[in-house]
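Architecture at a glance
One letter stands for each residue in the lines below.
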Amino acid sequence: MKETVVSGIRSTGKLHLGNYYGALSNFVKMQNDYNCFFFIADLHSLTTHPTPGDLSRTVRQVVMEYLAAGIDPEKSTIYIQSDVPEVAELYLYMNMNAYLGELERAAAFKDKVRDNPDNVNAGLVTYPVLMACDILIHHATKVPVGKDQEQHLEMTRTFGNRFNRLYNVDYFKEAFAFSYSDKLVKIPGLDGNGKMGKSNGDASCIYLSDTPEVIRKKVMRAVSDSGPTEMNQPKPESIQNLFDLMSIVSTPDTVEHFNELYNKCEIRYGDFKKQLAEDMVLATEPVRSRIEAISADEEYVQKVIRIGAEKAGESARKTLKEVREIIGIKKLY
Ligand code: TYM
């Protein structure tokens, strides 16, 4: 039997290079060898209170971008989290064995509290429980995600193992973060520090749907400095980030070329950024053109969503039936 893979992306808007290189690109490669489920985490995105119109628009956008990025609905199951209500039921059960102390210690939760102190809702604190349910509901063992999700995977194992111990069963499997490269990636943003992410602002992100003009503009405006003044000087974070981005979209020769110029204090950031922008345009071109083609085919998108809901629902219903039995929830009439 093939191992199962699950991964998801919140429906907070367009997908960026961090989502692509952190999760999607690995997932696309896994489709041939594993039983794959890829979903849009619209319930998770409710933690930030999107308006109803924005929610449905972004969910549809993310489905199209998944397809454009190469997720093949013939090989994988693509679905929307809220189309599978069993996930929400499992979340209720698993919340009974998740402790406030451990949830409050999660790094992603602490970041959210720091960034949005006025919206520390219960959904936010139990975010890792819902995420664990996404994974456990299909008995997945591999989860292609970026570095930022590693702790959530550890919590998923904790919750699954705790359930097994509590009910004295060997039911949930352990799932591990997965990447084809030797380590999980963190794609930096263009704003000089931290990771590429919507919460760091649009200027920090290159979206898969950005036009070449927009990509060029954003890269040219990326934070840099006045340049090295000593030979072989260590790179400050903002410059290292741009080099890291280049190593993802450019050839090793190109990276080496600019590295040498940097080390000799001969680098001109204008040329460096121009090259980076052109390589980003090239790297995103196939996805960008497919997004346009797919968005014109409403019937196809709807069919993918419907079939995905059926396939994911079937897997989820089987798990919930078994979980209810294990917990002792029975119909008494
Ligand atoms: P989200 O939408 O924040 O991120 C989706 C995926 O993109 C990866 N990612 C990055 N990887 C590398 N560098 C970056 N700058 C970067 N930014 C985002 C994330 O690691 C993630 O893989 N909580 C999940 C959504 C989710 C999920 C799940 C994932 C809900 N349930 C079950 C896997 C399995 C998240 O972070 O979404």
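This one's a predicted model, so the numbers in the text were calculated from it and none came from an experiment.

1. Some words on the overall build of the protein chain
A tally of regular secondary structure across the protein chain gives 14 helices and 5 strands. The C-alpha atoms of the protein chain give 21 Å as radius of gyration, which agrees with the globular expectation for 333 residues (20 Å, within 12%). Dimensions along the principal axes, computed over C-alpha positions, put the protein chain at roughly 80 × 45 × 40 Å. Of all 333 residues assigned to the protein chain, the portion counted as buried reaches 49%. In the protein chain, the proportion of contacts linking residues at least 24 apart, taken out of those at least 6 apart, comes to 78%. Counting every atom, the protein chain has about 16600 Å² of accessible surface; 51% of that belongs to carbon and sulfur. Averaging the locations of the 41 positively and 46 negatively charged side chains of the protein chain gives two centres separated by 2 Å.

2. Focus on the packing of helix α3 (residues 52–69) against helix α13 (residues 269–295)
Two elements in contact, α3 and α13, have axes whose closest approach is 8 Å; the angle formed by their N-to-C orientations is 125 degrees. When the axis of α3 is compared with that of α13, the two are oblique. Crossing of α3 over α13 shows right-handed handedness. Of α13, the residues touching α3 (which contributes R60, M64, E65, L67, A68 and A69) are V287, R290, I291, I294 and S295.

3. Brief notes about helix α11 (residues 237–249)
An ideal rise of 1.5 Å per residue puts 18 Å on 13 residues; α11 measures up with 19 Å between its terminal C-alpha atoms. Among all positions of α11, only S238, I239, N241, L242, F243, L245, M246 and V249 are buried. Tucked inside the fold, the buried residues of α11 contact α1 (17–30), α12 (252–263) and α13.

4. Quick notes on the domain arrangement of the protein chain
Domain assignment breaks the protein chain into domain 1 (4–178 + 298–327) and domain 2 (198–292). Just the C-alpha atoms count here: the centres of domain 1 and domain 2 sit 31 Å apart. Taken together, the contacts link 14 residues of domain 1 with 14 residues of domain 2. Between the two partners, domain 1 and domain 2, sit 0 salt bridges. Viewed at the interface, domain 2 and domain 1 are joined by 4 residue pairs in polar contact (both at pLDDT 80 or more). Every element with two or more residues in the side of domain 1 that touches domain 2 is listed here: α1 and α3. Here the residues of the side of domain 1 that touches domain 2 are counted per class, giving 7 nonpolar, 5 polar and 2 charged.

5. Concerning the packing of α3 against helix α14 (residues 298–327)
Contact geometry for α3 and α14: axes closest at 11 Å, N-to-C directions at 90 degrees. As far as their axial angle goes, α14 and α3 are roughly perpendicular. In contact with R60, V63, M64 and L67 of α3, α14 contributes E298, Y300, V301, V304 and I305. For the contact of α3 with α14, a count of residues per class yields 7 nonpolar, no polar and 2 charged.

6. So, the pattern of salt bridges
In the structure shown here, the tally under the stated rule is 15 salt bridges. The partner of D111 in a salt bridge is R114, with the nearest N and O atoms 3.4 Å apart. Separated by 3 residues within a single helix, D111 and R114 lie in helix α6 (residues 107–115), roughly one turn from each other. A relative accessible area of 59% means that R114 is categorised as exposed. Three or more residues joined by partner-sharing salt bridges are found here, namely D111, R114 and D115.

7. Structural notes on the pairing of strand β3 (residues 77–80)
Neither face of β3 is exposed, since T77 and Y79 on one face and I78 and I80 on the opposite face are all buried. The pairing of strand β2 (residues 35–41) with β3 spans 4 bridges and is classified as parallel. Following the sheet pairing, F38 is matched in β3 by I78.

8. Some points on the environment of P117
Inspection of the secondary structure assignment puts P117 in the loop between α6 and α7 (122–125). Taking the C-alpha atoms as reference points, P117 and G194, separated by 77 residues in sequence, lie 20 Å from one another.

9. Details of the site of the ligand
Inspection of the region around the ligand gives 26 residues, with R10, Y127, D134, D148 and Q149 positioned closest. Here a nitrogen atom of the ligand sits 2.7 Å away from a polar atom, N or O, in the side chain of Y127. In the environment of the ligand, an oxygen atom lies 2.7 Å from a nitrogen or oxygen atom belonging to the side chain of Q149. Relative to its free-state accessible area of 700 Å², the ligand is covered by the protein chains to the extent of 97%. Only β1 (4–10), α1, β2 and α8 (127–136) provide two or more residues apiece to the shell around the ligand. Of the residues contributing to the shell around the ligand, the split by class is 12 nonpolar, 9 polar and 5 charged.

Cut-off values and rules
Residues numbered from 1 in each chain as written. Predicted model: local features only at pLDDT ≥ 70, side-chain atom pairs only at ≥ 80, totals over all residues. Heavy atoms only, no water. Helix = DSSP H or I, 4+ residues; strand = E, 2+ residues; numbered from the N terminus. Rg over C-alpha atoms; globule rule 2.2 N^0.38 Å. Buried < 20%, exposed > 50% of the residue type's maximum accessible area, 1.4 Å probe, protein only. Contact = heavy atoms within 4.5 Å. Areas by Shrake-Rupley, 256 points an atom, 1.4 Å probe, with all protein chains shown as cover. Lys, Arg positive; Asp, Glu negative; His and termini not counted. Charge placed at Lys NZ, Arg CZ, Asp CG, Glu CD. Axes fitted to C-alpha atoms, helices over the stretch in contact; angles between N-to-C directions. Parallel < 35°, antiparallel > 145°, perpendicular 65-115°, else oblique. Left-handed = near helix turned anticlockwise from the far one by under 90°. Expected span 1.5 Å × (residues − 1). Domains from an automatic or database assignment. Salt bridge = Lys/Arg side-chain N within 4 Å of Asp/Glu carboxyl O. Polar contact = N/O pair within 3.5 Å; in protein donor to acceptor, adjacent residues only side chain to side chain. Nonpolar A, V, L, I, M, F, W, Y, C, P; charged D, E, K, R; others polar. Pairing = 2+ DSSP bridges. Near = heavy atom within 4 Å.

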